[in-house]
Every structure is written in C-alpha cells, then in structure tokens.
Amino acid sequence: MCGAEATPFVKGSVGGGGGQVHHVVRVLAFGDSLTAGWTLNAREFHPYSEIINEVWKPQGSIAVDHVGVSGETAVELAKGVNDIGRKYTCAAGRTWKSLSAVIHDAEQRSQPYAYVVIMAGTNDLRSTPPETIFEALKELHTACWHRGLRTLALTIPGLAAEQTRRYRHISITRASVNDALRDMVSKNRDRTALVNLDDYVPFSRESEMWDVDGLHMTKRGYEEVARAVVVTLRQLIGE
C-alpha cells in the first residue's frame, strides 16, 4: 500500500445504528510518501487518513481517502494536475491517478469531496528553488478551488538533512515555502486553511514521532498529523 481518494462544504448522509442518519464530510488527502504513511523503509504504511477514519468512524462524520505518490515531487504532481489521464507510479510500486482524475471519479460516484488536504514538497527541497516549489503547491490548491473544493495547506515538515552542513540550504528553502503558504492562506481564507506541522511534529532525531531515516514519520508521528488535520477540519466544519 502507498495511499486514494471534497464543492464548498458538501455533506452526504449515511444510515447509522438504530435508524440514525449521520452526515459525512468526504475528504481527500493528497501528497507524497508522508501522505502514504511510509515508515520503516516501506515495510509499514500508516496513512494519517486511515488513522482519521478510525478515530471518527464511531461518529460517522468524516471519511478520508488518500493518494500518496511516494517519491514524487510537488512539481511533477502539479504538471499532471489537470490531466485526468495522467498516472504516477510511486516508489512503493503502486500506480496513482492525478488529483483531478481522483476528484472527477468521486463526483462520478456521487460521493464528491468537500475538502482536499495537500501535503507535498519534501522531495523538491534539495534542488528546487522555493518559488518553484510554492508555485507547484499553489497550482494543486488552485485546481481544487476551481472545482469548488476547499483545501487544507499542510506546511512542509522538518527533516534530518536540513541539519547537515551539505544540505543546510534545505532549511532556508523549507522556511521560504512555508512562509509563502501562510501568505497564500491569509489571502484566501474563504477557501483554504493552514496546518502548521511544526506545531505538531517538530523534527528531532530523538523524537518517537520520527523514523530512523530522518525523512518519514513513525505511526506515532502520523497520528499527530491526523490530529492536526482533525483539529482544523472541526474548526472549518463547525463541530
């Protein structure tokens, strides 16, 4: 497993126990290996989307699908964003459809998404200018906005490489991209919200939330990402 599958706030109804009807907010988590929940060198996957589904399942109020294209850059994800025929093969060997294709498929199933959670850019940090990374991320968000969906912008989390002399520039690049995301959100509060992952999963080699590779998280880390997304969704939904 590597990870698939929101109009302004659209709810669907499903039957619950005892004849109760629950309103379901459908959400798509889209990104790279961090969205796929990659850990232990791909021996395990713990997508934060599945963690959210487990936590919210008793209430039946939210359902999250995910697309986690492990190893892919934000730039490449953006290039195919509006191509419903585009497919990606991730580092774990799974094939994924483009963002627009997954959104389109959900609409065809009469189960449209209300929100898209976007977390990408980590794979771009070593060699891509921050302006280029941000523009790619913005293109992903814009594609959702044009379809009437609201988005959550997750900041690029920390990683071990930015603490080394050779890749010290990564820290500057990451900070620049995250600042640009904050600015984008401040200008589009009616259609997007920011989730600052440094507040939830600050990088530390000693932390139980980070995998030994210094790039991916442990299940505990992905649980914190899930909590961050749930906190923001609750605020937006008004629960």
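Conventions adopted
Residues numbered from 1 in each chain as written. Predicted model: local features only at pLDDT ≥ 70, side-chain atom pairs only at ≥ 80, totals over all residues. Heavy atoms only, no water. Salt bridge = Lys/Arg side-chain N within 4 Å of Asp/Glu carboxyl O. Helix = DSSP H or I, 4+ residues; strand = E, 2+ residues; numbered from the N terminus. Buried < 20%, exposed > 50% of the residue type's maximum accessible area, 1.4 Å probe, protein only. Core = buried A, V, L, I, M, F, W, Y, C linked by side-chain atoms within 4.5 Å. Contact = heavy atoms within 4.5 Å.

Caption draft 1: Focus on the pattern of salt bridges. Counted by the stated rule, this structure contains 12 salt bridges. Across the salt bridge formed by Glu76 and Arg86, the nearest N and O atoms sit 3.5 Å from each other. One end of the pair, Glu76, is in helix 3 (residues 74-79); the other, Arg86, is in the loop between helix 3 and strand 6 (87-89), with 10 residues separating them in the sequence. Judged by its relative accessible area of 24%, Glu76 is partly exposed. Overlapping salt bridges bring together Glu208, Arg220, Glu223, Glu224 and Arg227 as one network.

Caption draft 2: Unusual backbone geometry, seen in detail. The backbone of Asn41 shows a phi angle near 55°, a positive value even though the residue is not glycine. Turning to its location among the elements, Asn41 is positioned in the loop between strand 3 (38-39) and strand 4 (44-45). Take Asn41: its relative accessible area is 57%, and that puts it in the exposed class. One non-glycine residue with positive phi stands out, namely Ser110, at about 60°. Tracing the chain through its elements places Ser110 in the loop between helix 4 (99-108) and strand 8 (115-119).

Caption draft 3: Fine view of the nonpolar core. In terms of nonpolar packing, the biggest core is built from 39 residues, with Leu28, Leu99, Val116, Leu137 and Leu140 touching the most fellow members. For this core, the secondary structure elements donating two or more residues are strand 2 (21-31), helix 3, helix 4, strand 8, helix 5 (130-146) and helix 6 (169-187). Among the elements that line this core, the one with the most residues is helix 5, at 8 residues. Ignoring any residue separated from it by four or fewer positions in sequence, one finds Leu140 in contact with Phe30, Leu77, Ala78, Val81, Leu99 and Ile118. Grouped together as the second largest cluster of nonpolar side chains are 36 residues, Tyr48, Ala114, Leu152 and Val201 included.

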